[in-house]
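# Observations on chain architecture
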Amino acid sequence: MDRATVAEIMGSRFGIPPEAFEGVSFFLRGRNVWAFSLPEIPDLAWETVGLRFISVRGRVPKPTTTALQLFGRHATKNVVDLGTEEALRFAAGERQRIPAPVEEGYVVVSHGEDVLGCGQYLDGELISLLPKERRIGRAEPEEDRSGGSDL
């Protein structure tokens, strides 16, 4: 997959300009687009090169959290900026009802200047698409053995 195709996908959905991808090469392997910083794939035995950038499994290409953390700062549309408490809920993988001026579908989720990752916005609800291994747990009150709270 060439840079122009990836730039079109990311530009049409998120408003990321094509210049943001200068110096990055892409290739399609299976149902994933991979990004790497060399002008071409080295002539070596390899299974994958670079980082997984976009999944093309469904009808709509889905950017990875890593892709948006690297390039989401260039996004000019379909960005949901969260306050601290909402960002903590997002990082924990929780769904939350949030009014946002975005189109339904995949969104860049940020907290101030920091891009947290990819979310999905449907029917006024933000769904965290952070991979489970990257989620940050929320502190809940510990319960004693009788089921009551420590507090």
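Owing to the predicted nature of the structure, the values given are computational and were not obtained by experimental measurement.

Here the focus is the overall build of the protein. In terms of helices and strands, the protein carries three helices and nine strands. Mapped in sequence order, the helices and strands of the protein form the string α-β-β-β-β-α-β-α-β-β-β-β. Here the protein, with 151 residues, has 38% of them falling under the buried criterion. Across the protein, the fraction of contacts at a sequence separation of at least 24, relative to all contacts at a separation of at least 6, is 51%. Surface exposure of the protein reaches about 9300 Å², of which carbon and sulfur atoms provide 49%.

This next bit is on the sheet that holds strand E5 (residues 79–81). The strand order across the open sheet built from five strands is E5-E7-E8-E9-E6, with neighbouring strands paired in mixed fashion. The two strands at the open ends of the sheet, each matched to only one other strand, are E5 and strand E6 (96–97). For E5 and strand E7 (residues 105–111), the ladder comprises three bridges, and the chain directions are parallel. Each residue of the ladder has a partner; that of aspartate 81, found in E7, is serine 110. Against the sheet, helix H3 (residues 84–91) touches E6, E7, strand E8 (114–122) and strand E9 (125–128), its axis set at about 75 degrees to E8.

On average, residues of the protein carry a pLDDT of 87, and 85% of them reach 70 or more. Within the model, the stretch residues 141–151 combines pLDDT values under 50 with seven contacts to residues more than four positions away or in other chains.

Turning our attention to the sheet that holds strand E2 (residues 32–36). Reading across the sheet, the four strands line up as E1-E2-E3-E4 and stay open at both edges, with antiparallel pairing between neighbours. Sheet topology places strand E1 (25–29) and strand E4 (62–63) at the edges, where each strand pairs with a single neighbour. In this structure, E1 lies alongside E2, joined through five bridges in antiparallel fashion. Its bridge partner lying in E2, phenylalanine 26 is registered against alanine 35. Seen against the sheet, helix H1 (residues 3–14) touches E1, E2, strand E3 (51–55) and E4 and runs at an angle of roughly 60 degrees to E3.

Note that soluble globular proteins tend to have their nonpolar side chains buried in a common cluster. Within the largest apolar cluster, 21 residues are counted, with the highest numbers of intra-cluster contacts made by Met10, Phe14, Ile16, Phe21, Phe26 and Phe53. Residue assignment for this core shows that the elements contributing at least two residues are H1, E2, E3, helix H2 (65–71), E7 and E8. The biggest single contributor to this core is H1, with four residues. Not counting residues within four places of it along the chain, the set of residues in contact with phenylalanine 14 comprises Pro63, Leu68, Ala75, Thr76, Lys77, Asn78, Tyr106, Val107 and Val108. In terms of nonpolar packing, the next biggest core, distinct from the first, is built from twelve residues, Leu82, Ala100, Val102 and Tyr121 among them.

The rules behind each value
- Residues numbered from 1 in each chain as written.
- Predicted model: local features only at pLDDT ≥ 70, side-chain atom pairs only at ≥ 80, totals over all residues.
- Heavy atoms only, no water.
- Helix = DSSP H or I, 4+ residues; strand = E, 2+ residues; numbered from the N terminus.
- Buried < 20%, exposed > 50% of the residue type's maximum accessible area, 1.4 Å probe, protein only.
- Contact = heavy atoms within 4.5 Å.
- Areas by Shrake-Rupley, 256 points an atom, 1.4 Å probe, with all protein chains shown as cover.
- Pairing = 2+ DSSP bridges.
- Axes fitted to C-alpha atoms, helices over the stretch in contact; angles between N-to-C directions.
- pLDDT = per-residue confidence, 0-100.
- Core = buried A, V, L, I, M, F, W, Y, C linked by side-chain atoms within 4.5 Å.

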